Amino acid sequence: MPWRLLRFALNRKHPEPRMFTTHDKLKSSYDVVIIGAGGHGLAAAYYLATEHGIKNVCVLEKGYIGGGNTGRNTTIIRSNYLTPEGVKFYDESVNLWQDLSRDFDLNLFYANRGHFTLAHTDSALRTMRWRAEVNKHYGVDSEVVGPEAVKEAAPMIDLSCAGHSPILGALYHAPGSVARHDAVAWGYGRGADQRGVEIHQQTEVLGIDVQGGKVKGVSTSRGYISTNKVLCAVAGSTPRILKMVDVRTPIYIHPLQAMVSEPVKPWLDPILVSGSLHVYISQSARGELVMGASLDPYELHATRSTLDFVEGLTSHMLDMFPFMSNVKVMRQWAGMADMTPDFAPIMGKTPVEGFYLDSGWGTWGFKATPVCGKTMAHTLVNDTPHPLITGFSLDRFSNYALTGEKGAASVGH
Ligand SMILES: Cc1cc2nc3c(=O)[nH]c(=O)nc-3n(C[C@H](O)[C@H](O)[C@H](O)COP(=O)(O)OP(=O)(O)OC[C@H]3O[C@@H](n4cnc5c(N)ncnc54)[C@H](O)[C@@H]3O)c2cc1C
């Protein structure tokens, strides 16, 4: 239990401190300006301050902390990726997640549940074996299991999936976990704030001043700031920011939707994902069933949710869990997923000196929040990509050296 909570419970004379400082004005210059107060931007600010002693940093957020995809995701954390680059990177993130609640003195509700990626076809099973072998090679706990192991972990499942997509096996990944998404943003934000980083909400970046190929400053809805280093961590708004610096990437935006049910008694411990049925499900600590699917099949810069999504998702969910027909859907929502052609992120330096990217997080970036913060802070300070992100550089697209992660990232998130 976090010490702060215990102290509060035992002594009511300790009122809760405010989570963040409110700054009336922007300073005229900062060493680093971070665009986007999602988990990634705040984590980078936190590690700049804690690991590199760089505190003259501001994080600019056009809305509110965690109001982007960080507060809209389904919180699946795992490292059972397909490529060596991906497995090593996400494994480091899973390691960092373990201690975050303690580091922040804030309960993130990090819960280790185990993660099954279901295979309904021989080819899916082949990909699971491939992933399991790559995972084991890098010391990540993954194995292919039979349908009986799935039934044992989730007794309510219909293994035949209404008779049309029988489950042949699964990739089981014991470290698979969930956490409370907004608390992660608050934890990183509060930690950075306590060390002197300024977080400015309701402050939109409107332009980036580039002279002679170098970053000189940032124009915002509250005035101009001089700086030599800008980190762009805006997920679904990446193409808009990139226009300001005239940098091209192959990122395209698709809506990604999710929904939760009313709370029901605990019946589902693990996280279940079915790539073939395009659905996944976990049960939150409050009893809600958190459910999602694959991307909407069209490019759109909007966060509208649709009836089509609920109909498609529920019909496939009922194939797996017919008893859920009486469970009510409480909320649905959408985020804007910044997709890349190879389903791997784009991180590091760009052709503009002093402009750094943490983007291409599509449907899978929540789990990477800690490792992104750490590696981007290192990259900004040293002006050299951290060794864990060299496979995610922007120039891989011009060098034809893609990091093909689709087999592990398409529905799995
Ligand atoms: C429905 C859904 C389910 C998902 N499920 C999972 C999952 O289970 N596991 C997983 O790992 N990932 C998942 N993801 C992906 C994950 O949520 C994202 O990749 C991750 O949260 C990105 O974090 P971020 O900090 O980079 O971006 P965000 O949290 O989106 O933060 C970017 C911030 O930038 C701000 N911004 C934008 N433009 C400007 C501007 N001009 N000036 C100032 N501020 C600006 C925005 O307001 C926003 O707050 C899911 C995503 C969605 C939508």
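Definitions and limits used
Residues numbered from 1 in each chain as written. Predicted model: local features only at pLDDT ≥ 70, side-chain atom pairs only at ≥ 80, totals over all residues. Heavy atoms only, no water. Phe/Tyr/Trp six-rings, centres within 6.5 Å; stacked < 30°, edge-to-face > 60°. Helix = DSSP H or I, 4+ residues; strand = E, 2+ residues; numbered from the N terminus. Buried < 20%, exposed > 50% of the residue type's maximum accessible area, 1.4 Å probe, protein only. Lys NZ or Arg CZ within 6 Å of the ring centre and 35° of its normal. Axes fitted to C-alpha atoms, helices over the stretch in contact; angles between N-to-C directions. Parallel < 35°, antiparallel > 145°, perpendicular 65-115°, else oblique. Left-handed = near helix turned anticlockwise from the far one by under 90°. Contact = heavy atoms within 4.5 Å. Nonpolar A, V, L, I, M, F, W, Y, C, P; charged D, E, K, R; others polar. Pairing = 2+ DSSP bridges. UniProt positions renumbered as here; feature names shortened; annotations may be inferred. pLDDT = per-residue confidence, 0-100. Core = buried A, V, L, I, M, F, W, Y, C linked by side-chain atoms within 4.5 Å. Domains from an automatic or database assignment. Near = heavy atom within 4 Å. Polar contact = N/O pair within 3.5 Å; in protein donor to acceptor, adjacent residues only side chain to side chain. Areas by Shrake-Rupley, 256 points an atom, 1.4 Å probe, with all protein chains shown as cover. Patch = residues over 30% accessible without salt bridge, like charges linked within 9 Å, V, L, I, M, F, W, Y side chains within 5 Å. Salt bridge = Lys/Arg side-chain N within 4 Å of Asp/Glu carboxyl O.

Peer 1: Can you help me understand the packing of aromatic side chains in this one?
Peer 2: Both the distance between ring centres and the angle between the ring planes are used here to describe each pair of aromatic rings. Under the criterion given, the structure shown has 16 aromatic pairs. Summarising the aromatic geometry, the rings of Tyr 46 and Phe 104 are spaced 5.5 Å apart at their centres and angled 85 degrees between planes, so their arrangement reads as edge-to-face. On the criterion of sequence distance, the pair formed by Tyr 46 in helix H2 (residues 39-52) and Phe 104 in helix H3 (residues 84-104) is long-range, its members being 58 residues apart. Assessed through its relative accessible area of 6%, Phe 104 is described here as buried. Over the ring of Tyr 90 we find Lys 367, and its NZ or CZ is 5.9 Å from the ring centre.

Peer 1: Any chance you could explain the packing of H2 against helix H9 (residues 369-382) here in plain terms?
Peer 2: The axes of two packed helices give the description: the angle between them and the distance between them. Running from N to C, H2 and H9 point in directions that differ by 55 degrees, and their axes come no closer than 7 Å. One way to sum up the angle between H2 and H9 is to call them oblique. Remark: the crossing between H2 and H9 carries right-handed chirality. Counting all contacts with H2, which are made through Gly 39, His 40, Ala 43, Ala 44, Tyr 47, Leu 48, Glu 51 and His 52, the residues of H9 involved are Thr 369, Pro 370, Cys 372, Gly 373, Lys 374, Met 376, Ala 377, His 378, Leu 380 and Val 381. Class assignment of the residues belonging to the contact of H2 with H9 gives a composition of 10 nonpolar, 6 polar and 2 charged.

Peer 1: Before we go on, may I ask you to explain the sheet that holds strand S10 (residues 214-220) in this structure?
Peer 2: Each strand in a sheet pairs with another by means of backbone hydrogen bonds, the pair being arranged parallel or else antiparallel. The strand order across the open sheet built from 3 strands is S9-S10-S11, with neighbouring strands paired in antiparallel fashion. Looking at strand neighbours, the two that pair on one side only are strand S9 (205-211) and strand S11 (223-226), the edges of this open sheet. Each strand of the sheet is rotated relative to its neighbour by a mean of 25 degrees, with strand direction disregarded. Two elements, S9 and S10, share 6 bridges in a ladder whose sense is antiparallel. Looking at S10, one finds that Val 210 is bridged to Val 215.

Peer 1: What is the right way to read the UniProt feature "domain: Rhodanese" (unreviewed entry) in the protein chain from this model?
Peer 2: UniProt's feature table lists "domain: Rhodanese" (unreviewed entry) at residues 32-76, given in the numbering used throughout. The span residues 32-76 is 31% helix and 18% strand, and its two end C-alpha atoms sit 30 Å from each other.

Peer 1: Explain the pairing of strand S14 (residues 271-274) to me, please; I cannot follow it from the model alone.
Peer 2: Moving residue by residue along a regular strand, the side chains alternate between the two faces of the sheet. Alternating residues of S14 divide into Ile 271 and Val 273 and Leu 272 and Ser 274, and every residue in both groups is buried. Note: strand S4 (residues 115-119) against S14, 4 bridges, orientation parallel. Bridging from a neighbouring strand, Phe 116 pairs with Leu 272 of S14. Here S14 pairs with strand S15 (residues 279-283) via 3 bridges, running antiparallel. In the sheet register, Ser 274 faces S15, and the bridge partner there is Val 279.

Peer 1: Help me understand the confidence of the model for the protein chain in this model?
Peer 2: Predicted coordinates in regions of low pLDDT should not be interpreted in detail. Of all residues in the protein chain, 98% attain a pLDDT of 70 or more, and the chain-wide mean is 95. Strand S1 (residues 32-35) holds the highest mean pLDDT among the elements of the protein chain, 99, whereas helix H1 (residues 3-10) holds the lowest, 79.

Peer 1: Hey, could you run me through the nonpolar core in this one?
Peer 2: Across soluble globular proteins, nonpolar side chains have a tendency to be buried as a group. Core analysis: the largest hydrophobic core is formed by 59 residues, its most contacted members being Ile 34, Phe 89 and Tyr 188. Two domains each donate at least three residues to this core, and these are domain 1 (24-73 + 182-251 + 342-408) and domain 2 (111-177 + 252-336). With residues near it in sequence (within four places) discarded, Phe 89 still touches Met 347, Trp 361, Ala 368, Val 371, Cys 372, Thr 375, Leu 388, Ile 389 and Phe 392. Of all hydrophobic cores here, the second largest spans 27 residues; its members include Leu 26, Val 234, Leu 242 and Ile 346.

Peer 1: What am I meant to see in unusual backbone geometry here?
Peer 2: Excluding glycine, residues mostly have negative phi values, and the peptide bonds linking residues are mostly trans. Despite not being glycine, Phe 343 has its phi angle at roughly 65 degrees, a positive value. For Phe 343, the location among the structural elements is in the loop between strand S17 (329-339) and strand S18 (346-349). With a phi angle near 55 degrees, Tyr 400 is a residue other than glycine that sits in the positive phi range. Its place among the elements puts Tyr 400 in the loop between H9 and helix H10 (406-409).

Peer 1: Even after reading the chapter, I still don't get the site of the ligand, so can you show me in this structure?
Peer 2: Close to the ligand lie 37 residues; Glu 61, Asn 69, Thr 70, Thr 74 and Lys 367 are nearest. A distance of 3.2 Å is found between an oxygen atom of the ligand and a backbone nitrogen or oxygen belonging to Gly 39. Here a nitrogen atom of the ligand sits 3.0 Å away from a polar atom, N or O, in the main chain of Val 205. Taking 1,000 Å² as the accessible area of the ligand by itself, protein coverage stands at 97%. Elements supplying a minimum of two residues to the shell around the ligand: H2 and strand S13 (252-261). Of all the elements, S13 adds the most residues to the shell around the ligand, at 3 residues. Among the residues forming the shell around the ligand, the class breakdown is 14 nonpolar, 18 polar and 5 charged. For the shell around the ligand, the two domains that each supply at least three residues are domain 1 (24-73 + 182-251 + 342-408) and domain 2 (111-177 + 252-336).

Peer 1: Please explain a nonpolar patch on the surface as it appears in this structure.
Peer 2: There is a patch of nonpolar side chains on the surface, built from Trp 3, Leu 6 and Leu 10 and spanning about 360 Å² of accessible area. Residue class for Leu 6 comes out partly exposed when judged on its relative accessible area of 33%.

Peer 1: What exactly am I supposed to notice about the side chain of Thr 379 here?
Peer 2: Counting through the fold element by element, Thr 379 comes out in helix H9. Relative accessible area serves as the criterion here: at 0%, Thr 379 is assigned to the buried category. If sequence neighbours within four positions are ignored, Thr 379 has contacts with Gly 348, Tyr 356, Thr 384, Pro 385, His 386 and Ile 389.

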